[in-house]
Amino acid sequence: MGISIEYGKVQFFRKTILSWFDKEGRPFPWRTGECDSYRIVVGEILLQRTRAEVVSKYYPSFISRFPSWYRLASTPISELEEFLKPLGLWKRRAKAFNSLSNVVVMRGGKFPATRHELESLPSIGQYIANAVLTICYGKKEPLLDVNMSRVLERFFGPRKLVDIRYDPYLQNLSREILTSRQAREINWAILDFAALVCTARNPSHASCPLATKCDFYSRTKSQT
């Protein structure tokens, strides 16, 4: 049995997190300007296992050097590796960019707009597919990773399954929160909140606007 989702609590969470984001949201380069799938996917691949602040400094030079799937596909993988070295995981990222760009070029440069097609591409899993669908095509898909999961589970209650991709409670909860015209901003707000307030260690309870209704804060407070 999954944990029931309280509609009033969802409303409070959504309203509060958006209000916080309006004041405290992080202005990353992949969040500004025209939304196109290339810039979004590049950003998400660079963000894997790397802090957003680090990627933010590196991202503009990558886009300048490799402005399209065609440029990436025509670049030797050894050159990609060398360019990516300062960011780390360069072999893994270079392989991802190389294989993905070649497939997109074979498709005539057109990036797919459906989940089935997106997840059939190399290096595109549920998370990146959701990012493309939400940011580029206006869908209401959650950017559900360990960070978003931490915020949601602390506030609403824990999941049942180890793998968040298949946990029905987290999947349903995250989609319920996104039933708004501001699905993109809600996603970004939760991710920023996870990085700045609801951190994995030593979360900032004193500055948390969600604390009054947060399950985790309530449990923590009762133990002190």
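Read on for a plain summary of the structure. (Residues numbered from 1 in each chain as written. Predicted model: local features only at pLDDT ≥ 70, side-chain atom pairs only at ≥ 80, totals over all residues. Heavy atoms only, no water.)

**What to know about helix α5 (residues 77-84)**
Logical step 1: Leu80, Glu81, Phe83 and Leu84 are the residues of α5 that are buried. The buried side chains of α5 occupy one side of the element, clustering within an arc of 165° when seen end-on. (Buried < 20%, exposed > 50% of the residue type's maximum accessible area, 1.4 Å probe, protein only. Helix = DSSP H or I, 4+ residues; strand = E, 2+ residues; numbered from the N terminus. Arc of directions from axis to C-beta.)

**Here we look at helix α6 (residues 90-106)**
Owing to its 3.6 residues per turn, the α-helix brings residues three or four apart onto one side.
Logical step 1: The terminal C-alpha atoms of α6 lie 24 Å apart, and with 17 residues this matches the ideal 24 Å at 1.5 Å per residue to within 8%.
Logical step 2: At its buried positions, α6 is contacted by α2 (37-47), α3 (52-65), α4 (69-73) and α5.
Logical step 3: Positive phi appears at Gly108, one or two residues downstream of α6, with a value of about 80°. (Expected span 1.5 Å × (residues − 1). Contact = heavy atoms within 4.5 Å.)

**Section: the pattern of salt bridges**
Logical step 1: Applying the stated criterion across every chain yields a total of 15 salt bridges.
Logical step 2: Put simply, Asp192 and Arg26 hold a salt bridge, and the shortest N to O gap is 2.8 Å. Residue Asp192 is found in helix α11 (residues 183-196), and its partner Arg26 is found in the loop between α1 (7-24) and α2; the two are separated by 166 residues along the sequence. Exposure class is identical for Asp192 and Arg26. Each is buried.
Logical step 3: Two residues, Glu117 and Arg107, come together in a salt bridge whose shortest N-O distance is 3.8 Å. (Salt bridge = Lys/Arg side-chain N within 4 Å of Asp/Glu carboxyl O.)

**So, the packing of aromatic side chains**
Logical step 1: Within this structure, the stated rule accounts for 14 aromatic pairs.
Logical step 2: Between Phe13 and Phe156 the ring centres are 5.4 Å apart and the planes differ by 55°, which places this aromatic pair in the tilted class. Placement of Phe13 in helix α1 and of Phe156 in helix α9 (residues 146-156) is noted, with a sequence separation of 143 residues between them. Like Phe156, Phe13 is buried.
Logical step 3: Ring geometry for Trp69 against Phe111: centres 5.5 Å apart, planes inclined by 0°, an arrangement best described as stacked. Taken together, the positions of Trp69 in helix α4 and Phe111 in the loop between α6 and α7 (115-119) put the pair 42 residues apart, joining distant regions of the chain.
Logical step 4: Trp69 gets classed as buried once you look at its relative accessible area, which sits at 5%.
Logical step 5: The exposure class assigned to Phe111 is buried, which follows from its relative accessible area of 10%.
Logical step 6: By the ring-pair criterion, three or more aromatic residues cluster together here, those being Tyr58, Phe62, Phe66, Phe83 and Phe97. (Phe/Tyr/Trp six-rings, centres within 6.5 Å; stacked < 30°, edge-to-face > 60°.)

**With respect to the environment of Gly138**
Logical step 1: Its place among the elements puts Gly138 in the loop between α8 (126-137) and α9.
Logical step 2: Residue classification places Gly138 among the exposed residues on the basis of a relative accessible area of 58%.
Logical step 3: Sequence separation of Gly138 and Arg181 is 43 residues, and the distance between their C-alpha atoms is 8.7 Å.

**Here's the deal with the nonpolar core**
Logical step 1: Within the largest apolar cluster, 70 residues are counted, with the highest numbers of intra-cluster contacts made by Phe13, Leu46, Phe62, Phe111 and Leu152.
Logical step 2: Per-element tally for this core: the top contributor is α11, with eight residues.
Logical step 3: Residue contacts for Phe111: discarding those within four places in its chain leaves Ser37, Val41, Trp69, Leu100, Val104, Leu118, Leu121, Ile124, Val132 and Tyr137. (Core = buried A, V, L, I, M, F, W, Y, C linked by side-chain atoms within 4.5 Å.)

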